Amino acid sequence: MALDLSGLNPDQRAAVCATEGPLLVLAGAGSGKTRVITHRVVYLIERGVAPGNIVALSFTNKAADEMRERLMKMTTKAVADALVLGTFHSVGAAMMREQPDHFGVPKKFGILDQGDVYGLVRAVLRDLGIHGQGAERRFDLGAIVQRISLWKNDFVSPTDAQGLYFETEYDEAAAAVYGPYEERLRALGAVDFDDLICRIATTLEENAEARAYWQAKFRYLMVDEYQDTNRAQLEVVRRLAGERENVCVVGDDDQAIYGWRGAKVANILGFDMYFKRAQTIKLEQNYRSYAPICRCANAVIQRNTSRHEKELVPQRRGGDKVTLVVAPDGDQEARFIGRTIYREIKERGTRPEDIAVLYRSAKQCDAIEALLQEHGLPYRILGGQAFYDKKQVKDALAYLKVMLAPQDDLATRRALDVPSRGVGLKTIEHLSEFARHRNLSLAEAIHRSEEIADIPGRAAAGLRSFSAAIKRAQAHFYSSGSAVAPLQGLLEGVGLREYVLKEAGSEAAGTARWDGVVWLLEALGRFEQRARAKGGHARYNDFFQVMNATKEKDKDEGKEEDAARGQITLSTLHSAKGLEWPLVFLIGCEEGIMPHKRVSAPRISDAIAGDIEEERRLFYVGITRARDRLYITRAATRLERGAEVPRKPSRFLDDLPEADVQVHDIARDERLGHDNIASRAEAFLANLAKGL
Ligand SMILES: Nc1ncnc2c1ncn2[C@@H]1O[C@H](COP(=O)(O)OP(=O)(O)OP(=O)(O)O)[C@@H](O)[C@H]1O
Ligand SMILES: [Mg+2]
């Protein structure tokens, strides 16, 4: 398995071969930093280092998977499996599992996810009787959770926190919650994500035995995306590296996008302060993107004042200009993206996995997702939950099926369960038996449940009202010819809405969840509309099928890398870091979205609110994900609480060099008939949707 170093330039080769002592690779996007890490791993193995002595840390699980996949191809599966490869969190958890006593956790400790943490903080607030200005609302909880997390990663103890000067009431509440929160964690025998890092750092500091053990085991350390490490992560690296200091970190200060979460760019820029013998290698060439994309990225990032001067020097000549798309409104922006992707895949043969749609905030993806779903295009979502996979949407879909396809017993069972109506397992058994004997569907059995003896009073009442609600909705549907209003009425009538809001625990969270159901209703409306436009009846089975399509496929494929094959990627900019695609859409480039509104109008303390330079770096990360072609889109107006509100273009767009950008103004170009191909594609799509 001789390693081929010919695919590296001299600087990269130097970085791969400098295996002993501290090394910093500081370079712009797409310059081959991650490639250096993978080659270094193989190089070390070839020089006889045991895979179990090599640690490579990435920023996300996704990036770690990708690295493992590449290494699998360069070595063998056995070797790739033996490497210590993961995120700070996953490696920290593995260390704790191996030595629970040293790290002060029970043998079977639990790891709280974000939802659990919110729950815990909410409970502590309630215990403490803090109900100040909406302390229960999600936004406020988020500020408190984030504040505690920042403290933990800065090694500020609960007692230290009490003595701090508070800028806001959230900080004050957070300081009060912090101590009891930690006590509850301990009582639960659990840790949160931050513990997976800080607990490692403190134990390695305080416990000589643990330190010696892990330093002997982790002999070569590599860290990707080092610009986004925080203080606790720096300490973990230092304490694992010990005197040997076989540490190689790679990163780009221009891609530091986690300052809001406590990442310290000083870790990378001051690397030689922490590791005195450090050697620094800079990589100048960009191998990822065509020249116009690199020039746009350079022009944007140059506007930042606090940075190390460097430029992306494109190695790939030629390439199309970057397309700036101006849509009249948000809906047309989404539709432009939908039809362009459709055309790419169906007419130009672009593979879905070569396309990504990137956005600033997770909620921007709903519009795109709904559209891809309707068009039957396969996709996956990074850093969020697929919209149609969310529980409340599946529940609502089950009700739609009970209404329109009552023979679907599975849907009926699901609907019967939420919200709970006193129907237990025994009753379901009675119903099923009744149905089986008479060859009925479960729904029909429910409608005739009064004929069944043995059903207890409470369940019987539940079944009666369920049956009546369904029949009412069906009658409404037959008289009106549309399923939208009847479904909405049904969901309200059976109390699903109330249930979703209550389950969410807070008004804001509840509203966000219910938004998913609203989207389902809207998608259904559009589906019916398309059928009507073609003068036909909506075939709802097709709607159900489209809704199920991606889910089924995911299940079959199982593994993440397989699942990625054949799917368009939708991702937040934060989750897209380090990844690349031939075709990228960077959407919603407007003031208030990117840069995010919290930057211009901070609502919480400044430490938590982002800053404009970080937003610009985020934009730079977005641009530099594109290999071949890049579309940057914005809308002139957006629907906000029922009204179309004018939107200002993002200030970052002003920095794009005119010579490298072509503008496609949808309203103007359509008037001039420039978008014939696109409109043909849309007509084709509409036909397809109808023919499904
Ligand atoms: N010497 C080289 N010759 C050819 N292709 C290269 C070379 N170095 C890197 N590449 C390719 O360039 C692309 C970018 O490389 P890589 O992802 O390692 O960059 P990076 O510096 O880690 O980028 P980012 O800052 O976005 O994480 C990859 O497709 C990689 O295979
Ligand atoms: Mg990288």
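Residues numbered from 1 in each chain as written. Chains lettered and ligands numbered in written order. Predicted model: local features only at pLDDT ≥ 70, side-chain atom pairs only at ≥ 80, totals over all residues. Heavy atoms only, no water.

In the annotation of an unreviewed UniProt entry, the entry for the protein chain reads DNA 3'-5' helicase, and the organism field reads Nannocystis pusilla.

Chemist: Explain the environment of Gly 338 to me, using residue names and the numbers behind them.
Modeler: Tracing the backbone through its elements, the reader meets Gly 338 in helix α17 (residues 330–347). C-alpha of Gly 338 to C-alpha of Gln 373: the two residues are 35 residues apart in sequence and 9.9 Å apart in space. (Helix = DSSP H or I, 4+ residues; strand = E, 2+ residues; numbered from the N terminus.)

Chemist: Can you explain helix α2 (residues 33–46)? Please cite residues and give values.
Modeler: Its 14 residues give α2 an end-to-end C-alpha distance of 20 Å, which sits within 8% of 20 Å, the value for a rise of 1.5 Å per residue. Burial runs high along α2: eleven of the 14 residues are buried. Within α2, burial applies to Lys 33, Val 36, Ile 37, Thr 38, His 39, Arg 40, Val 41, Val 42, Tyr 43, Leu 44 and Ile 45. Directly beyond the C-terminal end of α2, a positive phi value near 95 degrees is found at Gly 48. (Expected span 1.5 Å × (residues − 1). Buried < 20%, exposed > 50% of the residue type's maximum accessible area, 1.4 Å probe, protein only.)

Chemist: Tell me about the pairing of strand β7 (residues 247–251), residues and numbers included.
Modeler: Of all five residues that make up β7, five are buried, and the element is covered over most of its length. The two faces of β7 match: Val 247, Val 249 and Gly 251 on one face and Cys 248 and Val 250 on the other face are all buried. Pairing geometry for strand β1 (residues 23–27) and β7, over four bridges, is parallel. The residue of β7 that forms the bridge with Leu 26 is Gly 251. Two elements, strand β6 (residues 220–223) and β7, share three bridges in a ladder whose sense is parallel. (Pairing = 2+ DSSP bridges.)

Chemist: Can you break down the sheet that holds strand β2 (residues 54–58) residue by residue, with the values?
Modeler: The six strands are arranged β3-β2-β6-β7-β1-β8 in an open sheet whose pairing can be described as parallel. Looking at the sheet topology across the chains shown, the edges are occupied by β3 (84–87) and β8 (279–283). Each adjacent strand pair in this sheet contributes to an overall mean axis angle of 15 degrees, direction not counted. Helix-sheet contacts for helix α1 (residues 10–17) involve β1 and β8, and the interaxial angle to β8 is about 150 degrees. Each of β2 and β3 touches helix α3 (residues 61–74); the most contacted strand, β3, lies at about 155 degrees to it. (Axes fitted to C-alpha atoms, helices over the stretch in contact; angles between N-to-C directions. Contact = heavy atoms within 4.5 Å.)

Chemist: How would you explain the site of ligand 1 if you had to name every residue and give the values?
Modeler: Neighbouring ligand 1 are 20 residues; Lys 33, Thr 34, Arg 35, Gln 255 and Glu 580 lie closest to it. Gln 255 is positioned such that a nitrogen or oxygen atom in its side chain is 2.8 Å from an oxygen atom of ligand 1. Calculation on ligand 1 without its partners gives an accessible area of 640 Å², and the protein chains cover 86% of this total. If you list the elements that add at least two residues to the shell around ligand 1, you get α2 and β9 (285–290). Along the lines of polarity and charge, the residues of the shell around ligand 1 split into three nonpolar, ten polar and seven charged. (Near = heavy atom within 4 Å. Polar contact = N/O pair within 3.5 Å; in protein donor to acceptor, adjacent residues only side chain to side chain. Areas by Shrake-Rupley, 256 points an atom, 1.4 Å probe, with all protein chains shown as cover. Nonpolar A, V, L, I, M, F, W, Y, C, P; charged D, E, K, R; others polar.)

Chemist: Which residues make up the confidence of the model for the protein chain, and what are the values?
Modeler: In low-pLDDT segments, the atomic positions of the prediction should not be examined closely. Summary statistics for the protein chain give a mean pLDDT of 86 and a share of 89% for residues scoring 70 or more. Confidence scores differ between elements of the protein chain, with helix α28 (residues 560–564) showing the lowest mean pLDDT of 47 and strand β15 (residues 581–586) the highest of 98. Across residues 549–563, where pLDDT falls below 50, the model places 15 contacts with residues more than four positions away in sequence or in other chains. In the predicted assembly, ipTM is 0.99 and pTM is 0.75. (pLDDT = per-residue confidence, 0-100.)

Chemist: Explain the state of the cysteines to me, and be specific about the residues and the numbers.
Modeler: What the rule picks out here adds up to zero disulfides. Its sulfur unpaired, Cys 248 is 12 Å from the next cysteine sulfur, which belongs to Cys 17. Here Cys 296 stays free of any disulfide, with the sulfur of Cys 294 as its closest cysteine sulfur at 9.5 Å. Classification of Cys 296 as buried rests on a relative accessible area of 1%. (Disulfide = S-S within 2.5 Å.)

Chemist: So what's going on with helix α21 (residues 425–438)? Which residues, and what values?
Modeler: Between its terminal C-alpha atoms α21 stretches 20 Å, which fits the 20 Å expected from 14 residues at 1.5 Å a residue. Every buried residue belonging to α21 is among Thr 427, Ile 428, Leu 431, Phe 434 and Ala 435, and all of these are buried. What you see down the axis of α21 is that its buried residues fit within an arc of 125 degrees, all on one side. α21 presents Leu 425, Lys 426, Arg 436 and His 437 as exposed residues on the side facing more than 90 degrees away from its buried surface. Packed against the buried residues of α21 are α20 (409–417), α22 (442–447) and α23 (457–480). (Arc of directions from axis to C-beta.)

Chemist: Residues and numbers for the side chain of Lys 310, please.
Modeler: If you trace the backbone, Lys 310 turns up in the loop between α16 (291–301) and β10 (313–316). The exposure class assigned to Lys 310 is buried, which follows from its relative accessible area of 17%. A distance of 2.8 Å separates a polar atom in the side chain of Lys 310 from a polar atom in the side chain of Asp 253.

Chemist: Give a detailed account of the packing of aromatic side chains, specifying residues and quantitative values.
Modeler: If you walk through the whole model with that rule in mind, you get 15 aromatic pairs. Relative to Tyr 178, the ring of Trp 151 lies with its centre 5.9 Å away and its plane at 20 degrees, an arrangement referred to as stacked. Taken together, the residues span a long stretch of sequence, with Trp 151 in helix α8 (residues 138–153) and Tyr 178 in helix α10 (residues 169–188) at a distance of 27 residues. Of the residues examined, Tyr 178 reaches a relative accessible area of 4% and is grouped as buried. For the pair Phe 527 and Tyr 540, a centre-to-centre distance of 6.3 Å together with 45 degrees between the ring planes defines the contact as tilted. Of this pair, Phe 527 sits in helix α26 (residues 507–533) while Tyr 540 is found in helix α27 (residues 540–557), placing the two residues 13 residues apart along the sequence. Linked through ring pairs, Phe 477, Tyr 478, Phe 527, Tyr 540 and Phe 543 together constitute an aromatic cluster. Above the ring of Tyr 290, the side-chain terminus of Arg 316 is found at 4.1 Å from the ring centroid. (Phe/Tyr/Trp six-rings, centres within 6.5 Å; stacked < 30°, edge-to-face > 60°. Lys NZ or Arg CZ within 6 Å of the ring centre and 35° of its normal.)

Chemist: An account of the pattern of salt bridges is needed here, citing residue identities and associated values.
Modeler: Taken as a whole, this structure holds 43 salt bridges when the rule is applied. Among the salt bridges present, the one from Asp 154 reaches Lys 264, with a minimum N-O distance of 3.8 Å. Of this pair, Asp 154 sits in the loop between α8 and α9 (158–162) while Lys 264 sits in the loop between β7 and α14 (266–269), and the two are 110 residues apart along the sequence. Of the residues examined, Lys 264 reaches a relative accessible area of 32% and is grouped as partly exposed. In this structure, Arg 351 and Asp 354 form a salt bridge, with 3.1 Å as the shortest nitrogen-oxygen distance. A single salt-bridge network, built from bridges that share partners, covers Asp 252, Asp 253, Asp 254, Arg 307, Glu 309 and Lys 310. (Salt bridge = Lys/Arg side-chain N within 4 Å of Asp/Glu carboxyl O.)

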